[in-house]
Amino acid sequence: MSFVSSLEKSLATSKFTITGELTPPKSASIEDLLDGAKLIKDDVVATNVTDNPTSRVVMSTLATCHLIEKQTGLETIYQITCRDRNRLALQSDILAANALGIKNILVLTGDYITMGDHPEAKSVFDLDSVQLLWAIKRMQEEGLDVAGKKLKTPPKLFVGAAVNPGLDPIEPEIIRLEKKVAMDTKFAQSQCLYDPAVLEKFMNQISHLDVKILVGITPLLSAGMAKWMVKNCPGVIIPDEMIKRLKGAEDKVQEGIKMMVEVVSEIATMGVAGIHVMVPERADLVAETVKAVKASGVV
Amino acid sequence: MIITEKKTLEEVKESLKTSKKVFILGCGTCATLAQTGGEEQVKEMAQLLSDKEIVGTVVAETPCDKRLLKRDIRPVSEAINAADTVLVLSCGVGVQTLAELTGKIVIPGLNTKFLGMTERIGEFYQRCRACGDCILDETGGICPISRCPKGLLNGPCAGHMDGKCEVDREKDCVWVLIYKRMKDLGQLDKFREFRKPRNYQISTAPQQIVRSSSK
């Protein structure tokens, strides 16, 4: 069987798949980010490249993906949000991604524009993430664009989406995931997870869906960060015990990573496909977390 | 109704900087109900602009209806003619209708905010965006176009928390409201349906309706 990407192959053939995440620079130079990509290259199958994350302007995702792949050989997962582009721009970028050799795409609605550094800008949301997944399916399967016009060569990308197991109520999120899977979403990366019980319940609720789940893993670097996330990040549930341990720890970063290794060892048996490791602006900690998970032998 | 909000007095004064003789026109319909352009607010504005010569005031019944506005300004036409500027306390439609009718320099005294529901005096909530393609039958009678900042059509984004929206934690996530309402109504099957991208062609500005029977 041939696979579109290494990520698809890993999800089909490996017991446990690990992806990472890089944020393009707020800079006209890619060099620092390439150093980050090199740091994690041997630890992950592929890395997400975010799309103006939290609505802040950074380098174009598409160009960043291309430069990372070309200059480091690390496979990328091209994140695309519906906030900054209408259906014309989204489709032309998807065609370009394919032409540039990018093989994976992760479709997101996108944070709202007032949350970032250009709060006065006009947001787009011509499509929502489910509609963009529908558009990609149509492009890939039928060779047609959204308007029904023929594409000479259709794109061929391995398609993923996001999911948040900690939301309350959870049923709308499950229904949304059902819609995404119906649009040929093959993998879903989750919001940061700290409470394995939350995931266990969620995995039972989505057992009818044929989709590979990569669980979001972000080591907590301090008790303050943990409290901030609980207050500000939807669906993030952090057990009090973790916050206590961080407070008491001498080396908080190491304690944070250790707790993530423990979480991974618990969730590894829950039918998940792997983990997605995210540490904003800290590729070194992505590498360190993955190495700790692998060294522990839990996966 | 159309919900309006008063511009600050500083902004109004800045717009009237070069004006000497000012006529003030209010709105007897939406702006009266919103307490932004009724008899009381017109009177108050006349007092606040004490450094200008206020040549006259009127609250027109419905300034957005050209026929009614024409009728209501006829008795004050001399005063309007004497004014160099008309300050209009209505939505943007009334401001433009007055300009079209009189050719005068017009200054808006209000900002037009949204199509809204009045909860009680001074409390208004956006309920419609005049998108031109009503889908309230598909969403439990709750509008995601006007009440979800992203205008999502296929359920909530993953930004809701305690039922509140990621953009403003004081406001309800409308898709959580829609989910709960449709669940109560036994309409979750409809909630699950995929909604295709919207057709924005039908709402290209400027919109107009000219029924053949009115030609």
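Small disclaimer: the values here were computed from a predicted structure and weren't measured.

Below, the discussion takes up the sheet that holds strand β7 (residues 123–128) of chain B. Strand pairs in the sheet, formed through backbone hydrogen bonds, run parallel or antiparallel to each other. All names here are of chain B. Spatially, 3 strands are ordered β1-β6-β7 in an open sheet, and the strand pairing comes out antiparallel. What marks the edges here is a single partner per strand, and that holds for β1 (2–6) and β7. Pairwise comparison of adjacent strand axes, ignoring direction, gives a mean angle of 70° for this sheet. The pairing of β1 with strand β6 (residues 110–120) spans 5 bridges and is classified as antiparallel. Looking at β6, one finds that I2 is bridged to L115.

Let us look at the interface of chain A and chain B. Of the residues lining the interface, 25 residues belong to chain A; the matching set on chain B comes to 23 residues. Elements with a minimum of two residues in the side of chain A that touches chain B: α5 (129–142) and α6 (171–182) of chain A. Among the elements that take part in the side of chain A that touches chain B, α6(A) stands out by supplying 7 residues, more than any other.

This brings us to the nonpolar core. Among the nonpolar cores identified, the biggest contains 99 residues, and Y78(A), I105(A), V107(A), L133(A), I136(A), V215(A) and I217(A) are the most heavily contacted of them. Per-element tally for this core: the top contributor is α5(A), with 7 residues. The next biggest cluster of nonpolar side chains, apart from the first, holds 30 residues, and it includes I24(B), I73(B), L87(B) and C91(B).

When we look at burial in helix α8 (residues 174–184) of chain B, the residues that qualify are V174(B), W175(B), V176(B), I178(B), Y179(B) and M182(B). Buried positions along α8(B) lie against α6 of chain A together with α7 (144–147) and α9 (188–192) of chain B. Backbone geometry just after α8(B) places G186(B) at a positive phi near 70°.

All names here are of chain B. An order of β3-β2-β4-β5 is seen for the 4 strands of this open sheet, with the pairing classed as parallel. A strand with exactly one partner marks an edge of an open sheet, and here the two such strands are β3 (53–60) and β5 (105–108). Shown here is a sheet whose adjacent strand axes are inclined to one another by a mean of 25°, direction ignored. With 4 bridges joining them, strand β4 (residues 85–89) and β5 adopt parallel strand pairing. Counted as the bridge partner of V86 is V106 from β5.

Now for the pairing of strand β3 (residues 76–81) of chain A. Residue and element names in this part refer to chain A. Of all the 6 residues making up β3, 6 are buried; the element is thus mostly covered by neighbouring parts of the structure. Residue alternation in β3 divides its side chains into two sets, T76, Y78 and I80 and I77, Q79 and T81, and both sets are buried. Sheet analysis places strand β2 (residues 46–49) next to β3, joined by 3 bridges and oriented parallel. Bridging across to β3, N48 finds its partner in I77. For the crossover that starts at β2, traverses helix α3 (residues 61–72) and ends in the parallel β3, the hand is right-handed. In terms of handedness, the path from β3 via helix α4 (residues 87–99) over to strand β4 (residues 104–108) forms a crossover that is right-handed.

This brings us to the domain arrangement of chain B. Parsing chain B into structural domains produces domain 1 (2–113) and domain 2 (129–195). Placing the centre of domain 1 of chain B and that of domain 2 of chain B at their C-alpha centroids yields a distance of 38 Å.

The next subject is the environment of M229(A). Here M229(A) is to be found in helix α8 (residues 223–232). Along the chain, M229(A) and C192(A) lie 37 residues apart, while their C-alpha atoms are 9.6 Å from each other.

Turning our eyes to something else, we now look at unusual backbone geometry. For the bond from D168(A) to P169(A), the omega torsion is 0°, close enough to zero to count as cis. Along the chain, P169(A) turns up in the loop between β5 (158–163) and α6. In the segment running from A205(B) into P206(B), the intervening peptide bond is cis, with an omega of -5°. Residue position: P206(B) is located in the segment after α9. In this structure, Q35(B) takes a positive phi of about 55° despite not being glycine.

Reading the values: rules and limits
- Residues numbered from 1 in each chain as written.
- Chains lettered and ligands numbered in written order.
- Predicted model: local features only at pLDDT ≥ 70, side-chain atom pairs only at ≥ 80, totals over all residues.
- Pairing = 2+ DSSP bridges.
- Helix = DSSP H or I, 4+ residues; strand = E, 2+ residues; numbered from the N terminus.
- Axes fitted to C-alpha atoms, helices over the stretch in contact; angles between N-to-C directions.
- Contact = placed C-beta atoms within 7 Å.
- Core = buried A, V, L, I, M, F, W, Y, C linked by C-beta atoms within 7 Å.
- Buried ≥ 20, exposed ≤ 12 C-beta atoms within 10 Å, placed from the backbone.
- Right-handed = clockwise from strand over helix to strand, strands pointing away.
- Domains from an automatic or database assignment.

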